Amino acid sequence: MQVAISGPRISGTNQEYVDAAKSFLDASEHYCPNVLIVWGLRLWDNLPNKYWEDGGIIKVDGYSVSNGYYNLPNGHKVRAFAVYHPSTGYDCNYWYKVISKFI
C-alpha cells in the first residue's frame, strides 16, 4: 500500500491496491527477491495479477498453501506464498513448516 491505513484490522480500498501495483512490481523488478512471503489473506487476494502464474497445489500437514510466481519482465521469477497474518490465528509451528518448505 502506498497510503497510510486509518487503523488496525482495516483493509485498503480496491483503488488503493490498484494504485500500489506499479510500485510493488517496480520494486520487485529492481530488488529481484527470490521469495515473497505475503502476510495475510486479504493482501494475498489483492496482489496484482500482472506477470502472475499460479503455483501448483502444495500441502503442509494436509492444508493447501496459496502460492505462485511473478514472472518479471527482466526474466527473474519470484516465488510467492501466503501465510496468515501474525495478528490472527497464527500458529508459529505450522507456519515455520510452510516457510521452510518455500525457502
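These remarks concern the structure in this document.

Thresholds applied
Along each chain, the written sequence defines residue order, and numbers are assigned to residues from 1. Reporting of local features is limited, given that this is a predicted model, to residues whose pLDDT is at least 70; pairs of side-chain atoms are given and counted only at 80 or more, and all residues count toward the totals for whole chains, interfaces and linings. Side-chain measures were taken over the full set of non-hydrogen atoms in the model, leaving aside hydrogen atoms and water. Aromatic rings from Phe, Tyr and Trp, taking only the six-membered ring of Trp, are treated as a pair when their centres fall within 6.5 Å; an angle between ring planes under 30 degrees marks them as stacked, one over 60 as edge-to-face, and anything in between as tilted. Helix and strand labels come from DSSP, where a helix needs a run of H or I of at least four residues and a strand needs a run of E of at least two; each type is numbered from the N terminus. Here the term buried applies to any residue with accessible area under 20% of the maximum for its type, exposed to any over 50%, and partly exposed to those in between, with areas from a 1.4 Å probe on protein chains only. Distance and angle both matter: a charge sits over a ring if NZ of Lys or CZ of Arg is within 6 Å of the ring centre and within 35 degrees of the ring normal. One speaks of a salt bridge when a side-chain nitrogen belonging to Lys or Arg is within 4 Å of a carboxyl oxygen belonging to Asp or Glu. Between two residues, a contact is recorded if the distance between any of their heavy atoms is within 4.5 Å. Patches in this entry comprise residues that are over 30% relatively accessible and not in a salt bridge; like charges within 9 Å are linked, as are nonpolar side chains (Val, Leu, Ile, Met, Phe, Trp, Tyr) within 5 Å. Values of accessible area rely on a 1.4 Å probe in the Shrake-Rupley scheme; residue burial ignores everything except the protein chains shown.

### Some details on the packing of aromatic side chains
Part 1: Taken as a whole, this structure holds 7 aromatic pairs when the rule is applied.
Part 2: Measuring from centroid to centroid gives 6.0 Å for Tyr63 and Tyr94, while their planes differ by 80°, and the two rings are edge-to-face. Taken together, the positions of Tyr63 in strand β4 (residues 63–64) and Tyr94 in helix α3 (residues 92–102) put the pair 31 residues apart, joining distant regions of the chain.
Part 3: Taking the relative accessible area as the measure of exposure, Tyr63 reaches 56% and is therefore exposed.
Part 4: Taken together, the ring pairs in this structure connect Phe24, Trp44, Trp52 and Tyr70 into an aromatic cluster.
Part 5: In this arrangement the basic side chain of Lys77 is found over the ring face of Tyr69, its NZ or CZ atom lying 4.4 Å from the centre.

### What to know about the pattern of salt bridges
Part 1: Within this structure, the stated rule accounts for 3 salt bridges.
Part 2: For Glu53, the salt bridge goes to Lys77, with nearest N and O atoms at 3.7 Å. Pair noted here: Glu53 is in strand β2 (residues 52–54) and Lys77 is in strand β6 (residues 77–83), with a separation of 24 residues, a long-range link.
Part 3: Owing to a relative accessible area of 33%, Glu53 belongs among the partly exposed residues under this scheme.

### Here's the deal with the environment of Val98
Part 1: Mapped onto the fold, Val98 is located in helix α3.
Part 2: When near neighbours in sequence (up to four residues on either side) are disregarded, Val98 contacts Val60, Val65, Phe81 and Val83.

### Regarding a nonpolar patch on the surface
Part 1: Together, Met1, Val3, Ile5 and Ile10 give the surface a local cluster of nonpolar side chains, amounting to about 300 Å² of exposed area.
Part 2: For Ile5, the position within the fold is in the segment before α1 (14–31).

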